[in-house]
Each structure stands twice: as structure tokens, then as C-alpha cells.
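Single-letter residue listing:
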Amino acid sequence: MSTELENNVYIVTGGSRGFGLAIAKSLVEHGARVGLISRNQSGLDQAVAEIGADHALGVAADVGSRSSVSIAFEKIQTHFGRLDGLVNNAGLATPNKVENLVEEEVMLQVQTNFLGTVFCSQVAIPMLRSSENPRIITISSASAWHYDEMSHLSIYASTKAAVERFTRDLRLEVQADGIGVTCIRPGGAWTNFSDGWDTQALEGALAAWKDVGRHMDMGMEVAQVGDAVRYALSQPPGVAIDLLEIRPNALASKSMF
Ligand SMILES: NC(=O)c1ccc[n+]([C@@H]2O[C@H](COP(=O)([O-])OP(=O)(O)OC[C@H]3O[C@@H](n4cnc5c(N)ncnc54)[C@H](OP(=O)(O)O)[C@@H]3O)[C@@H](O)[C@H]2O)c1
């Protein structure tokens, strides 16, 4: 085990599975302890059992609710006695054509992906001031900039573009506190991200994507994203990686259509 992040404590939102769990595992492998946030306690309990209760604490909260975030972050800070960083990873998408998206789907994506990042960052900033190497990471998506990623993700991609714009101002604002801010922009990886998607709407999205997409790539392992986050968090005080884009680079052996 490397001791690169020894004793440091990081909050990972969306830490119960997918990228969040991979990020948490990578940080713990390098000496850190992690506070995991997601809405369902059962998923968090499973993640903590995988990582080990000495190194992880799971607290249920909805990142789209500032009061819920505040209570959860205080519990984590009190439990470990410190906070060194926040990884804003919780996010979701509901693909559909613009005219067919219902209000709840639009609001859920904006509330979770964009406002969740805003609220978690707001609550974390004062807690991070006493760390020697404080960090905030925001997880964007390649779909915010690469139009061949997937179709019918207009709201999702827009929330991620908003996250990136927010990250730029955040980085400048907290420089005086020595807080390093990094935006990480991953491409596709296989997770539970598409669970619960409306398959009929998805069929339309894939058909439309066929016209703009050049190829279907293979997707990355979640561990690659975990390691990218760990790398950004491991920079020395006074240095911050501004933006890190990581995308798969392998073509599928057969077309998915
Ligand atoms: N997978 C990809 O290909 C891909 C590519 C680029 C970017 N991303 C981004 O990477 C991040 C993680 O995605 P993933 O693929 O790991 O998805 P995932 O497997 O669906 O995991 C999402 C996590 O976020 C949590 N979550 C969702 N809404 C939440 C809320 N309102 N409050 C607190 N936690 C919430 C989920 O737990 P609960 O459901 O229990 O709340 C879960 O832990 C997202 O921001 C996503 O946009 C993913």
C-alpha cells in the first residue's frame, strides 16, 4: 500500500458504486480514509464492507439538498476529525428527446449534477481551510464537449458544461485558501449509470447517435477514473491540475447496431 495520501480524509459523493466506489478504493489504497455519500444507505453499507470500516464511513444524503449535505458532511468530519478534500462525483442522466423530457427528469438532472456540485462545494470550503493540502474535484463528462458521445443527453451534457464553468470560478475563488480545484472529464465506462433508463427512449437515442457517432468505443474500467482522481489529489500544495480528460481509446470489435 502506498502512503501518498496517508491520514488524509476525502468525501466522495456517489461513493456507493461505479466511479465513486472505484475512486474511494484508489484513495484508500494510497493511505486515505473516505466518507461516502449516496441516497441509499444499503448501497453505502455494501461499499463500506468492501473497503473496510476502519477506512470508510457511509452517510446517506441527497446532494441536491443543501441541508442534507450539511448534516452528512459534519458527521463525516466529526467521525474522522478532519477533511482534506471533496470529490463531487454523484450524478445521473435520463436520456430523451428535448420535447419528450418531463419536468421531473429535467429538474432531477439539474438538481443532482449541477446544484449537487454547488451545494457540496459550498459546505466543504470552510471545512477544508484547516487542511495542509485541501482539494475539490468535480466530475464532468466527455459528453459536455464531444458530440459523438451519445445522443439525447441534452440536459445531462448541459449540467456537466455548467459544472465545468462553475469549476473555473471556484478554482479562482479558493486559491487564496490554498484549495486546489480540478475538473475531471471522463468518457464512457461500464457502470450502473444506465440502470432504469427508458429503453424505448434509449433506442431512439442510439439510432440518432449512429448518425453523429464515428465508432462505438469499448469503455474504460472504472479503476482508471479512480486513479485519475487519486493523481489529481496527490499533487503537492501550490499545484493543481486544472482539467483532466480521460477517454477510452479502443474500438469495439463489432458494431452494436
Ligand atoms: N459511466 C460513465 O460512462 C460516465 C462517463 C462520464 C461521466 N460520468 C459521471 O460519473 C459520475 C458517476 O457515474 P457512474 O457511472 O458511477 O454512475 P452510477 O454507477 O449510477 O453511480 C452514481 C452514484 O451517484 C449516487 N447518486 C445519484 N444521485 C444522487 C443524489 N441525488 N445524491 C447523492 N448521491 C446520488 C448513486 O447512489 P444512489 O442512487 O444511492 O443515490 C451512486 O452512488 C456521474 O457524475 C456521471 O455523470 C459517468
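So, a few notes on the structure that sits alongside this text. (Residues numbered from 1 in each chain as written. Predicted model: local features only at pLDDT ≥ 70, side-chain atom pairs only at ≥ 80, totals over all residues.)

### Observations concerning the nonpolar core
Note that soluble globular proteins tend to have their nonpolar side chains buried in a common cluster.
Next up, step 1: If you look at the biggest cluster of nonpolar residues, it comprises 56 residues, and the most contacted ones within it are Ile11 and Ala24.
Next up, step 2: Those residues within four positions of alanine 24 in sequence are excluded, and the remaining contacts are Val12, Gly15, Val34, Leu36, Ala47, Ile51 and Ala56.
Next up, step 3: Among the nonpolar cores identified, the runner-up in size contains seven residues, and Met150, Leu153, Ile155 and Tyr156 belong to it. (Core = buried A, V, L, I, M, F, W, Y, C linked by C-beta atoms within 7 Å. Buried ≥ 20, exposed ≤ 12 C-beta atoms within 10 Å, placed from the backbone. Contact = placed C-beta atoms within 7 Å.)

### With respect to the pairing of strand S6 (residues 180-186)
Next up, step 1: Most of S6 sits inside the fold, with seven of its seven residues counted as buried.
Next up, step 2: Residues Gly180, Thr182, Ile184 and Pro186 point to one face of S6 and Val181, Cys183 and Arg185 to the other, with burial holding for every one of them.
Next up, step 3: Taken together, the five bridges between strand S5 (residues 135-139) and S6 define a ladder with parallel strand orientation. Bridge assignment links isoleucine 136 to a residue of S6, and that residue is valine 181.
Next up, step 4: The pairing of S6 with strand S7 (residues 243-246) spans four bridges and is classified as parallel. Bridge pairing in S7 places arginine 185 opposite glutamate 245. (Helix = DSSP H or I, 4+ residues; strand = E, 2+ residues; numbered from the N terminus. Pairing = 2+ DSSP bridges.)

### A few points about the site of the ligand
Next up, step 1: Taken together, the neighbourhood of the ligand is formed by 29 residues, with Gly14, Gly18, Ser38, Arg39 and Gly91 sitting nearest.
Next up, step 2: Looking at the shell around the ligand, the elements with two or more residues in it are helix H1 (18-29), strand S2 (33-38) and helix H4 (103-128).
Next up, step 3: Broken down by element, the shell around the ligand gets its largest block of residues, three residues, from H1.
Next up, step 4: Among the residues forming the shell around the ligand, the class breakdown is nine nonpolar, 17 polar and three charged. (Near = placed C-beta within 6 Å. Nonpolar A, V, L, I, M, F, W, Y, C, P; charged D, E, K, R; others polar.)

### Topic: the packing of helix H3 (residues 66-80) against H4
Next up, step 1: Here H3 crosses H4 at 35°, and the two axes come no closer than 9 Å. Both H3 and H4 take part in a crossing whose hand is right-handed. Residues Arg66, Val69, Ser70, Phe73 and Gln77 of H3 form the contact with H4, whose participating residues are Phe119, Cys120, Val123, Ala124 and Met127. (Axes fitted to C-alpha atoms, helices over the stretch in contact; angles between N-to-C directions. Left-handed = near helix turned anticlockwise from the far one by under 90°.)

### As for the pairing of strand S1 (residues 9-13)
Next up, step 1: Burial runs high along S1: five of the five residues are buried.
Next up, step 2: Taking every second residue as pointing to the same face, both faces of S1 are buried, with Val9, Ile11 and Thr13 on one and Tyr10 and Val12 on the other.
Next up, step 3: Where S1 lies against S2, five bridges are found, and the strand directions are parallel. Each bridged residue has a counterpart across the sheet, and for valine 12 the counterpart in S2 is leucine 36.
Next up, step 4: Where the polypeptide runs from S1 across H1 and back to S2, its parallel neighbour, the crossover connection is right-handed. (Right-handed = clockwise from strand over helix to strand, strands pointing away.)

### Re the environment of arginine 230
Next up, step 1: Within the secondary structure, arginine 230 is located in helix H7 (residues 222-233).
Next up, step 2: Each C-alpha atom, one on arginine 230 and one on valine 28, is 9.6 Å from the other, the two residues being 202 residues apart in sequence.
Next up, step 3: Not counting residues up to four positions away in its chain, the partners in contact with arginine 230 are Ser26, Leu27 and His30.

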